[in-house]
Amino acid sequence: GIRPMVVRGSSMQPTLEPGQLAWLDKAYYRGRPIQRDDVVVFRWQGRSYVKRVYALSGEHVTLMCADETSWPISAACAARVQRLADRYHYLSLRTVEVPAGSFFCIGDNTNCSVDSRQLGPIPITAIIGRPSRVIRAPKSDTVWAAHRRRKSRWRRSGLRREDWEVMGLLAV
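Keep in mind it's a predicted model, so treat the numbers as computed, not measured. (Residues numbered from 1 in each chain as written. Predicted model: local features only at pLDDT ≥ 70, side-chain atom pairs only at ≥ 80, totals over all residues. Heavy atoms only, no water.)

**Some words on the overall build of the protein**
- Looking only at helices and strands, the protein has four helices and ten strands in total.
- For the protein, the N- to C-terminal ordering of α and β elements is β-β-β-β-β-β-α-β-β-α-β-β-α-α.
- The long-range fraction of contacts in the protein, counting pairs at least 24 apart against all pairs at least 6 apart in sequence, stands at 64%.
- About 9800 Å² of surface is accessible on the protein, with carbon and sulfur atoms providing 51% of the total. (Helix = DSSP H or I, 4+ residues; strand = E, 2+ residues; numbered from the N terminus. Contact = heavy atoms within 4.5 Å. Areas by Shrake-Rupley, 256 points an atom, 1.4 Å probe, with all protein chains shown as cover.)

So, in structure tokens, the structure goes:
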């Protein structure tokens, strides 16, 4: 089915903004395989996330790591980054193989995203659905302002109270 969801956090900016209201299409991946660059909603370790699929089962992801941060790099750049890592002790390369039945995801705003770089590859069975379209954009940059407007504006939407409560469970 289709359920409403509120985007929480900034990990998918500029694609999805904090406070945006979107439809979550839970039936989209029934009978359809996920593809690279799909935006998916999944539940993992007790939390819900909205991220972009970066790699699929059987693929390798090379990450350039510096202290606690990492960025995906192309295979073509790996040799050049390895030379830098040999020169600078705080840089390193890490390669992750995505196991069968899993995917590797990254938020569009990589500096503010908790994703497969920290969580590891995610099982495809964890996918809840995909955000199908944005219903409304936030009027403010803060999620708090969207939360305060919820009672008056969203009540007039015609959706059930339970639908709006579900949105509080979905996080970015």
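Now that the structure has been shown, we can carry on.
**A closer look at the nonpolar core**
- Membership of the largest hydrophobic core is limited to twelve residues, which are Y29, I34, V40, F42, Y49, V53, F103, C105, L119, I122, A126 and I127.
- Those elements giving two or more residues to this core turn out to be β3 (39-44), β4 (47-55) and β8 (102-106).
- Residues in contact with L119, not counting those within four places in the same chain, are W44, Q45, Y49 and V114.
- V7, L16, A22 and V50 belong to the second-largest nonpolar core, a separate cluster that totals nine residues. (Core = buried A, V, L, I, M, F, W, Y, C linked by side-chain atoms within 4.5 Å. Buried < 20%, exposed > 50% of the residue type's maximum accessible area, 1.4 Å probe, protein only.)

**As for the pairing of strand β6 (residues 69-73)**
- In this structure, strand β5 (residues 60-66) lies alongside β6, joined through five bridges in antiparallel fashion. The residue bridging C65 from the neighbouring strand is S70, located in β6. (Pairing = 2+ DSSP bridges.)

**Overview of the sheet that holds β5**
- In spatial order, the strands read β6-β5-β7; together these three strands make up an open sheet with antiparallel pairing. The sheet is open, and its two borders are formed by β6 and β7 (91-97), each paired with just one other strand. The average angle at which neighbouring strand axes cross in this sheet is 30°, direction not considered. (Axes fitted to C-alpha atoms, helices over the stretch in contact; angles between N-to-C directions.)

**Focus: the side chain of N109**
- Following the sequence through the fold, N109 ends up in the loop between β8 and α2 (116-119).
- The buried category is assigned to N109, whose relative accessible area is 19%.
- A polar atom in the side chain of N109 sits 3.2 Å from the backbone oxygen of S10.
- Excluding residues within four positions of it along the chain, N109 makes contact with S10, S11 and Q13. (Polar contact = N/O pair within 3.5 Å; in protein donor to acceptor, adjacent residues only side chain to side chain.)

**Topic: a nonpolar patch on the surface**
- Together, L84, Y88 and Y90 make up an exposed nonpolar region whose accessible area comes to about 260 Å².
- Along the chain, L84 turns up in helix α1 (residues 75-87). (Patch = residues over 30% accessible without salt bridge, like charges linked within 9 Å, V, L, I, M, F, W, Y side chains within 5 Å. Salt bridge = Lys/Arg side-chain N within 4 Å of Asp/Glu carboxyl O.)

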